[in-house]
Amino acid sequence: MKESAVESKSDFKRGLKDGLPIALGYFPVAFACGVAAAKTGLVLWLSQLMSCLTYTGSGQFAILNLIQGGEMVLFTYALTIFIVNCRYVLLSLALSQRLDPDMGIFQRMFFSFFNTDEIFAIVTQQKGNLKSSYLFGIATLPYISWALGTLIGTLFTDIMPLSISTAMGIIIYAMFIAIIVPALKASKPVLYVVMISVLLSVVMECTPVIKNWLSSGWIIIICTVMASLVGALLFPINKEEEQ
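Residues numbered from 1 in each chain as written. Predicted model: local features only at pLDDT ≥ 70, side-chain atom pairs only at ≥ 80, totals over all residues. Heavy atoms only, no water.

(A) Here's a closer look at the overall build of the chain. Assigned secondary structure in the chain consists of 14 helices and 0 strands. The order of α-helices and β-strands along the chain, N terminus first, is α-α-α-α-α-α-α-α-α-α-α-α-α-α. Per-residue burial for the chain yields a buried fraction of 36% across its 243 residues. Residue pairs in contact within the chain that sit at least 24 positions apart in sequence constitute 79% of those at least 6 positions apart. With the model as given, the accessible surface of the chain reaches about 14000 Å², and the carbon-plus-sulfur share is 73%. (Helix = DSSP H or I, 4+ residues; strand = E, 2+ residues; numbered from the N terminus. Buried < 20%, exposed > 50% of the residue type's maximum accessible area, 1.4 Å probe, protein only. Contact = heavy atoms within 4.5 Å. Areas by Shrake-Rupley, 256 points an atom, 1.4 Å probe, with all protein chains shown as cover.)

Next up, the structure:
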């Protein structure tokens, strides 16, 4: 059955509340992206357009590095963003199994644009099917914060050195740890999967042959897939546990 207007409003507000910490963590990273874009030479409207359409810190910094290096081929930009953010395909596939059946194809496609690592980490901890009202609620403030942070960073480039503004990006990692730790305490399978992924990442990053052939983005993808497969095989989730 379709969710009622009251339930929809309640879920949206709950999503806004859950998305607020993510929004606070995104702002300094977006600010750093704006500063980097301005110092690369991008005009305000182009910097803001890139921020709103890509919505990815790692992808934007990768593109800015290419621009600084003199790369001007659009296909190279697109391929770089795809490789750096290929993990989002995996996140969306995993999330699709939890979506409310009432969500239409266009709603699913629209939300996939807003699906980030941090949002994925929070919504996967929710019980039962994920309703569209909650998902769009949790996605609203982080996206606004990202766009606003980029704008302010671009406008006030000369106020803060790039080294300092970039260092502010550590906040997002602290935020991600704060999201993951409660899940690790509550679930041993989650803890084991995280430990497996960390171990695989260390091994691959420290193996010269692998490091020479694969970028950090591909290493993350491989570790994610392998750890997820091991977790799915060793710790399957029963239907009763999802309720």
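That shown, we press on.
(B) Examining the side chain of Gln 48 more closely. Its location among the elements puts Gln 48 in helix H2 (residues 44-54). The class for Gln 48 is buried, based on a relative accessible area of 16%. Ignoring any residue separated from it by four or fewer positions in sequence, one finds Gln 48 in contact with Ala 147, Thr 150 and Leu 151.

(C) Inspection of the packing of aromatic side chains at higher detail. The tally for this structure, following the rule as stated, stands at 12 aromatic pairs. Judged by centre distance (5.6 Å) and plane angle (35 degrees), the ring pair of Phe 110 and Phe 136 falls under tilted. Here the residue Phe 110 occupies a position in helix H6 (residues 105-114), and Phe 136 occupies one in helix H8 (residues 132-155), the gap between them amounting to 26 residues. On the accessibility criterion, Phe 110 (48% relative accessible area) is partly exposed. Among the residues examined, Phe 136 registers a relative accessible area of 19% and is labelled buried. Measuring from ring centre to ring centre gives 6.0 Å for Phe 113 and Tyr 143, while their planes differ by 65 degrees; the resulting arrangement is edge-to-face. One end of the pair, Phe 113, is in helix H6; the other, Tyr 143, is in helix H8, with 30 residues separating them in the sequence. Note on Phe 113: relative accessible area 32%, which makes it partly exposed. (Phe/Tyr/Trp six-rings, centres within 6.5 Å; stacked < 30°, edge-to-face > 60°.)

(D) Representation of a nonpolar patch on the surface within the structure. Among the surface-exposed residues, Val 73, Phe 75, Leu 79, Phe 82, Val 89 and Leu 93 lie close enough to one another that they form a single nonpolar patch of about 600 Å² accessible area. The greatest single-element share of the nonpolar patch, amounting to 3 residues, is contributed by helix H4 (residues 74-84). Mapped onto the fold, Leu 79 is located in helix H4. (Patch = residues over 30% accessible without salt bridge, like charges linked within 9 Å, V, L, I, M, F, W, Y side chains within 5 Å. Salt bridge = Lys/Arg side-chain N within 4 Å of Asp/Glu carboxyl O.)

(E) Up close: the layout of surface pockets. Taken as a whole, the second largest pocket spans an internal volume of roughly 310 Å³. Among the secondary structure elements, those contributing two or more residues to the lining of the second largest pocket are H2, helix H3 (57-68) and H4. In terms of residue class, the lining of the second largest pocket is built from 9 nonpolar, 1 polar and no charged. (1 Å grid on protein atoms, 1.4 Å probe; cavity = no way out; pocket = protein on both sides within 12 Å on 5 of 7 lines; lining within 4 Å. Points joined across faces, edges and corners; volume = space filled by probe spheres on them. Nonpolar A, V, L, I, M, F, W, Y, C, P; charged D, E, K, R; others polar.)

(F) Highlighting the packing of H6 against H8. The interhelical angle for the contact between H6 and H8, taken along N-to-C directions, is 30 degrees, at an axis separation of 10 Å. Our classification of the angle between H6 and H8 gives roughly parallel. Between H6 and H8 lies a crossing whose hand is left-handed. Between H6, through Gln 107, Phe 110, Phe 111, Phe 113 and Phe 114, and H8, the contact on the second element is made entirely by Ser 132, Leu 135, Phe 136, Ala 139 and Tyr 143. Of the residues in the contact of H6 with H8, the class split is 8 nonpolar, 2 polar and no charged. (Axes fitted to C-alpha atoms, helices over the stretch in contact; angles between N-to-C directions. Parallel < 35°, antiparallel > 145°, perpendicular 65-115°, else oblique. Left-handed = near helix turned anticlockwise from the far one by under 90°.)

(G) Molecular detail of H3. The end-to-end C-alpha distance of H3 is 16 Å, a good match for the 16 Å that 12 residues give at a rise of 1.5 Å each. For H3, the set of buried residues is Gly 57, Gly 59, Gln 60, Ala 62, Ile 63 and Leu 64. You can read the cap of H3 off the contacts: a side-chain oxygen lies 3.0 Å from the backbone nitrogen of Gly 59, and it is on Thr 56. Of the residues flanking the end of H3, it is Gly 70, one or two places downstream, whose phi is positive at about 95 degrees. (Expected span 1.5 Å × (residues − 1). Polar contact = N/O pair within 3.5 Å; in protein donor to acceptor, adjacent residues only side chain to side chain.)

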